[in-house]
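# Structure at a glance
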Amino acid sequence: MAPTKDTLTRVFNKADQDGNGKLCLSEFKIALIELAEDDEEREMTEDDETMQMLMGLIDEDGDKMLTSDEFLKLLELGNEEEVGNAVVNGKDVMISMIKAADKDGNGFLTATELKELVVTMNPEDTADVDINVDIFIKMAAADGDKKLNIQEAIKLITDEEGEGPKEKMKTMFRMCDCDGDGSISKRELAKFMNM
């Protein structure tokens, strides 16, 4: 059962141990443990990386602290409804997760950052993560630089802007051009066909 606004406010106030009206990461964990309905939800709070990503999803001002309003927004992300002045849906959550995955804030996702994002999105399926990340990078890295800018990642993962036939062909070419030299050899084509 979803918690009420009163419950969330009570939990927020209880977790705000220093009384500054904001939750730091450790206080955020305390609040989520209090709200957890099962062991799986409680275990999630033990993973600092996951908790930082969750916090990054809703930390609107980037101060690595959550206000009461930001805290309430997180707990409503699962529902596609009005939260404050914005409609929040699954696509917005994905975009926020992608932006939060950019740990160094340089506007790009490296293979390591993309791998962490993929594992966070689907923790049960870690067998082929490296292969999938390599494919993602080949599909979306328009300039062949082996890293995705945030907009490339958003476009790839959310299918934000439907690609036209020309863009689809460029994507296929990048996937085949394994060595990035601008041409596709017989070996590269055979390798691609055997994926």
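First, a word on what this report is: a plain description of the structure on this page.

Take the overall build of the protein chain next. From N to C terminus, the protein chain includes eleven helices and four strands. Taking all 195 residues of the protein chain together, the buried fraction comes to 33%. Of all intrachain contacts in the protein chain linking residues separated by at least 6 positions in sequence, the fraction that spans at least 24 positions is 46%.

Next up on the list: the side chain of Glu-70. Mapped onto the elements of the fold, Glu-70 is located in helix α5 (residues 68-76). For the buried Glu-70, which has no salt bridge, the nearest side chain bearing the opposite charge is Lys-22, at an N-O separation of 6.5 Å. Separated by 2.9 Å, the side chain of Glu-70 and the backbone nitrogen of Thr-67 make a polar contact. Setting aside its immediate chain neighbours within four residues, Glu-70 contacts Ile-58, Asp-59, Glu-60, Asp-61 and Met-65.

Axis angle and axis distance: for two packed helices, these are the angle between their axes and the distance between the axes, and together they describe the pair. Contact geometry for helix α2 (residues 25-35) and helix α4 (residues 48-58): axes closest at 11 Å, N-to-C directions at 95 degrees. Judged by the angle between their axes, α2 and α4 are roughly perpendicular. Residue-level inspection shows Leu-25, Phe-28, Lys-29 and Leu-32 of α2 in contact with α4, the latter providing Asp-48, Met-51, Gln-52, Leu-54 and Met-55. Residue classes in the contact of α2 with α4 are distributed as six nonpolar, one polar and two charged.

The rules behind these values
Chains are numbered independently. Their residues run from 1 in the order of the written sequence. Totals for whole chains, interfaces and linings use every residue, but because this is a predicted model, local features are given only for residues with pLDDT of at least 70 and side-chain atom pairs only at 80 or more, for both listing and counting. Computation of side-chain values: all heavy atoms of the structure, hydrogens and water removed. Note on conventions: DSSP H or I runs of at least 4 residues are helices, E runs of at least 2 residues are strands, and numbering of each starts at the N terminus. Between buried and exposed lies partly exposed: a residue is buried under 20% and exposed over 50% of the maximum accessible area for its type, with that area taken using a 1.4 Å probe on protein chains only. Note on definitions: a residue-residue contact is assigned when non-hydrogen atoms from the two residues lie within 4.5 Å. Charged-residue counts in this description rest on Lys and Arg as positive and Asp and Glu as negative, His and the chain ends being excluded. By salt bridge we mean one thing: a side-chain nitrogen of Lys or Arg within 4 Å of a carboxyl oxygen of Asp or Glu. Definition of a polar contact: a pair of N or O atoms within 3.5 Å, with one able to donate and the other able to accept a hydrogen when the atoms are protein atoms, and with sequence-neighbouring residues admitted only if both atoms are side-chain atoms. For helices, the fitted line uses only the C-alpha atoms of the stretch in contact; every axis is such a line through C-alpha atoms, and the angle between N-to-C directions lies from 0 to 180 degrees. In what follows, roughly perpendicular refers to angles from 65 to 115 degrees, roughly parallel to angles under 35, roughly antiparallel to angles over 145, and oblique to any angle outside these ranges. All amino acids are sorted into three groups, where Ala, Val, Leu, Ile, Met, Phe, Trp, Tyr, Cys and Pro are nonpolar, Asp, Glu, Lys and Arg are charged, and the leftover types, Gly among them, are polar.

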